[in-house]
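Fold and geometry: a report
The primary structure of each chain is shown beneath.
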Amino acid sequence: MQLLLICCLLGMGSAAQAQGKLTGVVMDSVTHEPLAFSSVFLANTTLGVTTTEQGKFEFPKVPAGTYDVVGSYVGYRLGKQSVTMTAAAQQITLQLAPTGNQLGEVVVKPEPNKPEEYQKFAKLFLGGSTFSAQCRISNPDDVRVFFDDSTKTLTAQAKEFVQIDNEALGYRLKYYGLYFAANDEDGSISYYGQPVFEELKPRDERQRKQWMANRLTAYTGSFMHFLRSVYNNRVQAEGFLTQQIIVGPNPRFERADEKRRALLASRPDNKFTAAEQDSLDKWEDMAPVIATLNQAPLPIDSIRRVGPNGKRTFLRFTGELQVAHFGEAPDPLYKRPMSPLGYPKIPYPVKRQVSRLKLQGREAAIQANGSLLNPLDVYNGEYWGFEKIGEFLPFDYMPPTASTAAPRR
């Protein structure tokens, strides 16, 4: 199973909760002089402002929750501070460290990217969906891509940000502090940073409506949609089915591996008969672990825990979790068959998207806006692993029908 780890480093922010005022100032960390006209944004949202001549900024209404407030200015490193908003007003100071060259410092110009390595990064980062095909990185020269042959890992970073224009959803995404890594051997992909969204201007009313429809398509059945449904106790009502996957050792693997190693040791010249080569191929393809699906739907209490006084909600399960969403067909460019759901008395709908989740620990704190308190807590696989930047929505996005914002029961 390919696993995808996407870390956007944003806390919660529910539109249904109280809103507070956030003000502050951006200054040079050395001189303490204010930085006029610097950019300040709340990571992974559409909320961004520019400071005044005095380096001051203001967000009049910020939904309750925890955010990374990020400051950016040319010639300075990013400044970042985490804040937890309530109805009460808050004030912060962002200090940015200068990155200017010291006198006499030798500047080494980086080697240009190898075209095949950059293209591989762009394809893995943007994704292979229909919406991803309408995404474009507009500043490719600012991205540095490197492949480590010893670890079979492709990494990518940007000095300031990677800018992606998503013509399918109508967003311009600036991904600050991007770090991307893809490993050829285990198929894992991870990337993290502090992204901010800007609304693109539609050509006409028709394009505006198309963007709204595409955003709803991207949201429906997404990981964000699922987490909001878990938070609000609306998993079944929102069209999701959750089932447990039990992962354990394959009892046949150890014996097969012993036979494989014994045969290899007995043929140092690697000359095998057709039958022996066939056996080697079968033994090498045998997985050390096997996954068994419990087809019974999991009740909400088996995947969700609400802390004392309802202050914190957690996603929790044992083994791994298979999540199916019904009512929407998969993207036509998704070529893998959907994992089976079992054989219930009443057949499941044909239109469905099936994904898989794995926890890093025992549970993961989730937020009202459909984000994780710690993005490192959960790995996505199968269909959610397929959806990437092409379907990436800001966490302040709300669908036209705000059913997931309903009070918890």
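The structure presented is a predicted model; accordingly, all values stated were derived computationally and were not measured.

Calculation criteria
- Residues numbered from 1 in each chain as written.
- Predicted model: local features only at pLDDT ≥ 70, side-chain atom pairs only at ≥ 80, totals over all residues.
- Heavy atoms only, no water.
- Phe/Tyr/Trp six-rings, centres within 6.5 Å; stacked < 30°, edge-to-face > 60°.
- Buried < 20%, exposed > 50% of the residue type's maximum accessible area, 1.4 Å probe, protein only.
- Helix = DSSP H or I, 4+ residues; strand = E, 2+ residues; numbered from the N terminus.
- Lys NZ or Arg CZ within 6 Å of the ring centre and 35° of its normal.
- Pairing = 2+ DSSP bridges.
- Axes fitted to C-alpha atoms, helices over the stretch in contact; angles between N-to-C directions.
- Contact = heavy atoms within 4.5 Å.
- pLDDT = per-residue confidence, 0-100.
- Core = buried A, V, L, I, M, F, W, Y, C linked by side-chain atoms within 4.5 Å.
- Salt bridge = Lys/Arg side-chain N within 4 Å of Asp/Glu carboxyl O.

In this section: the packing of aromatic side chains. Per the counting criterion, the structure on display carries 23 aromatic pairs. Residues Phe57 and Phe59 carry aromatic rings whose centres are separated by 6.1 Å and whose planes lie at 70 degrees to one another, so their mutual orientation is edge-to-face. For the pair Phe57 and Phe59, a shared accessibility class is recorded, and that class is buried. Look at Tyr383 and Phe386: their rings are 5.6 Å apart centre to centre, the planes differ by 40 degrees, and that puts the pair in the tilted class. On the criterion of helical spacing, the pair formed by Tyr383 and Phe386 is a turn pair, its members being three residues apart in helix 6 (residues 383-386). For Phe386, a relative accessible area of 13% puts it in the buried group. Here Arg215 stacks its cationic end above the ring of Tyr171, 4.0 Å away from the centre of that ring.

All right, on to the sheet that holds strand 18 (residues 313-316) then. Strand order in the open sheet formed by three strands is 17-18-21, with antiparallel pairing between adjacent strands. In the strand order of this sheet, the two ends are held by strand 17 (304-306) and strand 21 (363-366), each with one partner. Between one strand axis and the next, the sheet turns through 30 degrees on average, direction left out of account. Relative to strand 21, strand 18 runs antiparallel, the two being bridged by four bridges. Looking at the pairing, Phe314 lines up with Ala365 of strand 21. Strands in contact with helix 3 (residues 223-231) are strand 17, strand 18 and strand 21; relative to strand 18, the strand with the most contacts, it is inclined by about 115 degrees.

Moving on, we come to the sheet that holds strand 2 (residues 19-28). Judged by pairing direction, the sheet is mixed, and its three strands sit side by side in the order 5-2-8 without closing on themselves. The open sheet has two free edges, formed respectively by strand 5 (56-63) and strand 8 (90-96), since each of these has just one partner strand. In this sheet, adjacent strand axes meet at a mean angle of 25 degrees when their direction is disregarded.

Averaged over every residue, the pLDDT of the protein chain is 88; residues scoring 70 or more account for 91%. Contacts for the low-pLDDT stretch residues 8-16, under 50 throughout, to residues beyond four places or in other chains number 47 contacts. Considering only residues more than four positions removed or in separate chains, one finds that residues 403-409, a stretch of pLDDT under 50, has 23 contacts.

It is worth spelling out the nonpolar core at this point. Within soluble globular proteins, side chains that are nonpolar generally end up buried alongside one another. Core analysis: the biggest nonpolar cluster contains 34 residues, and Phe121, Phe125, Ile137, Ile164, Tyr175, Phe180 and Ile389 have the highest contact counts within it. Contributing elements (two or more residues each) for this core: helix 1 (115-126), strand 9 (135-137), strand 10 (143-148), strand 11 (153-158), strand 12 (161-166), strand 13 (171-183), strand 14 (189-199) and helix 2 (205-219). Leaving out residues up to four positions away in the same chain, Ile389 has contacts with Phe125, Leu126, Cys135, Ile164, Asn166, Leu173, Tyr175 and Tyr191. Formed by 20 residues, the second largest nonpolar core is a distinct cluster that contains Phe223, Tyr231, Phe317 and Val323.

Looking now at the pattern of salt bridges. In this structure the tally under the stated criterion is 17 salt bridges. One salt bridge connects Arg305 with Glu363, and the closest N-O pair in it is separated by 2.8 Å. Separated by 58 residues along the polypeptide, Arg305 in strand 17 and Glu363 in strand 21 bring together distant segments of the chain. Judged by its relative accessible area of 28%, Arg305 is partly exposed. Taken together, the shared-partner salt bridges in this structure form one network comprising Arg136, Asp165 and Arg172.

The next subject is unusual backbone geometry. A positive phi is found at Asn233, a non-glycine position, where the angle reads about 60 degrees. Position of Asn233 among the secondary structure elements: in the loop between helix 3 and strand 15 (240-249). For Asn233, a relative accessible area of 18% gives the class buried. Within the chain, Asn309 stands out as a residue other than glycine whose phi angle is a positive 65 degrees. Looking at the secondary structure, you find Asn309 in the loop between strand 17 and strand 18.

The next point concerns the environment of Pro399. Position of Pro399 among the secondary structure elements: in the segment after helix 6. When the C-alpha atoms of Pro399 and Thr220 are compared, they prove to be 8.7 Å apart, with 179 residues separating the residues in sequence. Those residues in contact with Pro399, other than ones at most four positions away along the chain, are Leu216, Tyr219 and Arg228.

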